[in-house]
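Understanding the architecture of this molecule
Listed below are the residues making up each chain.
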Amino acid sequence: MKTNSKPQSPWLMLIIRCVLFLAFQSMIALTFLLNGSPAAWSNSAAWWPLSVILTNLVCLALLIRLYQQEGQRFWNIFQIERQFIKQDLLFLLGFLVIAGPLGYLPNILSARLLFGDPQIALDLLVRPLPAWAAIASFALFPLLQGLVEIPTYMLYVLPRLEDRGMRSWVVLSLVSFFLSAQHMFAPFIPDARFITYRLVMFLPFAILVVLVMRARPRLMPYIAVIHVLMDMSVAVMFLLVMN
């Protein structure tokens, strides 16, 4: 793929989600602090869905602009290539058989290993929010994740780093790592167990997705739908615990 973007833009997009998650959480913590909260950072952790939503909006705007700079249209990545529909759907069926356990088991096993009980990790991650915030998170969080997260790493960063002459295994490792590592900052809780949990819980799944998307980038519209549905299961929890 020929690219005309600024030389540093793939590197920026590789790390920007981590930076923005932390920046938006810091802003939320500052709001709590200015309102007299004695546990501003702890309180800000509950609002990580909002940080993710704001990050995705920023990243979406950046992706649209970066694609425009290359003479391309970002939204075209979600077009289905009709001549491949049958074989792509069959491939996705096999993908889901593997992806299901890889997305679920490391989450549960790492939480059990680190905390003794997966519920402890879940309670740190999903905390009560006001009804308006929980409803907004339910509506926007899964949709924006599906539109932005995988395209950022797999369709923007990965091919452009490879175009710069980097070895494929290095690029695949970097993208897999950052796809997983970004979760350490959503939310960022300064606890070694929680940081480790968030780092490793999606790492096997991230590696699988990177390998699949590198081999078949045309799967993006299907992966986006699957991603939205996966994150809806998380978004439902916001509603269940809302104030």
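Before reading on, note that the structure itself is shown above.
Rules and cut-offs
- Residues numbered from 1 in each chain as written.
- Predicted model: local features only at pLDDT ≥ 70, side-chain atom pairs only at ≥ 80, totals over all residues.
- Heavy atoms only, no water.
- Helix = DSSP H or I, 4+ residues; strand = E, 2+ residues; numbered from the N terminus.
- Contact = heavy atoms within 4.5 Å.
- Salt bridge = Lys/Arg side-chain N within 4 Å of Asp/Glu carboxyl O.
- Buried < 20%, exposed > 50% of the residue type's maximum accessible area, 1.4 Å probe, protein only.
- Core = buried A, V, L, I, M, F, W, Y, C linked by side-chain atoms within 4.5 Å.
- Expected span 1.5 Å × (residues − 1).
- Bend = angle between axes of the 7 residues up to and from the residue.
- Phe/Tyr/Trp six-rings, centres within 6.5 Å; stacked < 30°, edge-to-face > 60°.
- Axes fitted to C-alpha atoms, helices over the stretch in contact; angles between N-to-C directions.
- Parallel < 35°, antiparallel > 145°, perpendicular 65-115°, else oblique.
- Left-handed = near helix turned anticlockwise from the far one by under 90°.

**Quick notes on the side chain of Asp 88**
- By the element assignment, Asp 88 lies in helix α4 (residues 85–115).
- Once you skip the residues sitting within four places of it in the chain, Asp 88 turns out to touch Arg 216, Arg 218, Leu 219 and Tyr 222.

**Let's talk about the pattern of salt bridges**
- Considering all chains together, one arrives at 6 salt bridges under this definition.
- Residue Asp 88 pairs with Arg 216 through a salt bridge whose shortest N-O separation is 3.5 Å. You can see Asp 88 sitting in helix α4 and its partner Arg 216 sitting in the loop between α9 (203–215) and α10 (220–240), a full 128 residues away along the chain.
- Judged by its relative accessible area of 1%, Asp 88 is buried.
- If you follow the salt bridges from partner to partner, you end up with Asp 88, Arg 216 and Arg 218 in one network.

**What about the environment of Gly 94?**
- If you trace the backbone, Gly 94 turns up in helix α4.
- Note on Gly 94: relative accessible area 33%, which makes it partly exposed.
- Placed 72 residues apart in sequence, Gly 94 and Met 166 show a C-alpha to C-alpha distance of 30 Å.

**What to know about the nonpolar core**
- Of all hydrophobic cores here, the largest spans 68 residues; its most connected members are Phe 95, Met 154, Val 175, Met 213, Met 220 and Ile 223.
- In terms of nonpolar packing, the next biggest core, distinct from the first, is built from 5 residues, Ile 28, Ala 46, Trp 47 and Ala 133 among them.

**What to know about α10**
- Helix length check: α10 (21 residues) gives 31 Å between terminal C-alpha atoms against 30 Å at 1.5 Å per residue, within 8%.
- Along its length, α10 shows its largest kink, about 30 degrees, at Ser 233.
- When we look at burial in α10, the residues that qualify are Met 220, Pro 221, Tyr 222, Ile 223, Ala 224, Ile 226, His 227, Asp 231, Ala 235 and Phe 238.
- Where α10 is buried, its residues touch α3 (48–69), α4, α6 (131–163) and α9.

**Here's the deal with α6**
- Taking 1.5 Å of rise per residue, 33 residues should cover 48 Å, and α6 covers 46 Å from first to last C-alpha, within 8% of that figure.
- A maximum bend of about 50 degrees is found in α6 at Pro 151.
- Note on α6: the residue one or two positions beyond its end, Gly 165, has a positive phi of about 90 degrees.

**Here's the deal with the packing of aromatic side chains**
- Summed over the entire model, instances satisfying the criterion amount to 13 aromatic pairs.
- Aromatic pair Phe 74 and Trp 75: ring centres 5.1 Å apart, planes at 70 degrees, arrangement edge-to-face.
- Of the residues examined, Phe 74 reaches a relative accessible area of 2% and is grouped as buried.
- Residue Trp 75 is classed as partly exposed on the basis of its relative accessible area of 33%.
- Aromatic pair Phe 141 and Phe 238: ring centres 5.7 Å apart, planes at 80 degrees, arrangement edge-to-face.

**Here's the deal with the packing of helix α7 (residues 168–181) against α9**
- Contact geometry for α7 and α9: axes closest at 8 Å, N-to-C directions at 135 degrees. As the angle between them shows, α7 and α9 are arranged oblique. As α7 runs across α9, the sense of the crossing is right-handed. Contacts from Ser 168, Leu 172, Val 175, Ser 176, Leu 179 and Ser 180 of α7 reach α9 at Leu 203, Ala 206, Ile 207, Val 210, Leu 211 and Arg 214.

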